[in-house]
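Survey of secondary and tertiary structure
For reference, the chains in residue letters:
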Amino acid sequence: GLVALVAAGVIPFPGVGGPPAAPEAPGEADRSNGIDLRSVEAALHDRFESERGEAGVSERTLGGGGTDAYIEYVTRHRVAERYDPEYGGSVPDPDAFGLRCGTQPVLGVLTPAVGIEDHSAFADALAEALLEEDGFRDALLDERESEAVTIHVAPDGTIFVGYLAC
């Protein structure tokens, strides 16, 4: 019955027949202070596209090819390591996500953004802070075809931004 449908991939089940499911991590991955974090991620991609345009670097597509699942896993793993004393997981090999891009994920850890109440202003503040970090800026301006961005807000308000260019 149900097990056969899951095994055949008819009914999706996290970690079966696809990339491993991201670990549970304390904090917020969808909404924080009323702000839709997925909208912030898309707005960050737009800010990054503008930055690449100014630098003469070609555009990238957002997500796809396992990049989203991998960077979400890496980011949640880092949050869980820091905030969940019972967590003992590890990050799977990128091959488990179908990735063959040869780049390393970049993780930005930022202090809480106090007083920001809309996704556009939040994306602007994050982009400004991230672009000041050399490793992040280098990954952003490297010639790649796609990128994935994920945001996780920890219980104390610390903002984790995971980024992968492929």
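Residues numbered from 1 in each chain as written. Predicted model: local features only at pLDDT ≥ 70, side-chain atom pairs only at ≥ 80, totals over all residues. Heavy atoms only, no water.

What follows is about the pairing of strand β6 (residues 159-165). With seven of seven residues buried, β6 lies mostly within the body of the structure. Burial along β6 is two-sided: the face carrying Ile 159, Val 161, Tyr 163 and Ala 165 and the face carrying Phe 160, Gly 162 and Leu 164 are both buried. By the bridge criterion, five bridges tie strand β4 (residues 106-110) to β6 in an arrangement that is antiparallel. Residue pairing across strands places Val 106 opposite Tyr 163, the latter belonging to β6. Turn length for the strand β5 (residues 146-153)-β6 hairpin, with the two strands adjacent in sequence and antiparallel, is five residues, and the turn residue Gly 157 shows positive phi of about 95°. (Buried < 20%, exposed > 50% of the residue type's maximum accessible area, 1.4 Å probe, protein only. Helix = DSSP H or I, 4+ residues; strand = E, 2+ residues; numbered from the N terminus. Pairing = 2+ DSSP bridges.)

A word on the pattern of salt bridges. One pass over the structure, following the stated rule, counts eleven salt bridges. Here Arg 60 and Glu 147 are joined by a salt bridge, their closest N and O atoms 3.4 Å apart. Note that Arg 60 is positioned in the loop between α2 (37-55) and β3 (61-62) and Glu 147 in strand β5, a separation of 87 residues in sequence. As far as burial versus exposure is concerned, Arg 60 and Glu 147 are alike and both buried. The shortest N-O distance in the salt bridge between Asp 142 and Arg 144 comes to 3.2 Å. Among the residues examined, Asp 142 registers a relative accessible area of 34% and is labelled partly exposed. Among the residues examined, Arg 144 registers a relative accessible area of 23% and is labelled partly exposed. (Salt bridge = Lys/Arg side-chain N within 4 Å of Asp/Glu carboxyl O.)

In this section: helix α5 (residues 134-141). Phe 136, Ala 139 and Leu 140 are the residues of α5 that are buried. Across the axial projection of α5, the buried residues extend over an arc of 100°, all falling on one side. Turned more than 90 degrees away from the buried face of α5 sit Asp 134 and Asp 138, all of them exposed. (Arc of directions from axis to C-beta.)

The tally for this structure, following the rule as stated, stands at six aromatic pairs. Between Tyr 70 and Phe 97, the ring centres sit 5.1 Å apart and the planes meet at 65°, which makes this aromatic pair edge-to-face. In this pair, Tyr 70 sits in helix α3 (residues 67-83) while Phe 97 sits in the loop between α3 and β4, placing the two residues 27 residues apart along the sequence. Here the two residues Tyr 70 and Phe 97 agree in accessibility, since each one is buried. Within the aromatic cluster, the residues linked to one another by ring pairs are Phe 48, Phe 136 and Tyr 163. (Phe/Tyr/Trp six-rings, centres within 6.5 Å; stacked < 30°, edge-to-face > 60°.)

Here we come to the environment of His 45. Relative to the helices and strands, His 45 is located in helix α2. Remark: the alpha-carbon pair of His 45 and Ala 123, spanning 78 residues in sequence, is separated by 9.0 Å.

So, about the nonpolar core. Counting 25 residues, the largest nonpolar core has Leu 44, Phe 48, Leu 126, Ile 151 and Val 161 as the members making the most contacts within it. Counting only elements with at least two residues in this core, the list comes to α2, β4, α4 (119-131), α5, β5 and β6. In terms of residue count, α4 provides more of this core than any other element does, six residues in total. The contact partners of Phe 48, leaving out residues within four places of it in the chain, are Ala 127, Leu 130, Phe 136, Leu 140, Glu 147, Val 149 and Tyr 163. Residues Ile 71, Val 74, Phe 97 and Leu 164 belong to the second largest nonpolar core, which totals eight residues. (Core = buried A, V, L, I, M, F, W, Y, C linked by side-chain atoms within 4.5 Å. Contact = heavy atoms within 4.5 Å.)

The values are spatial; any link to function lies outside them.
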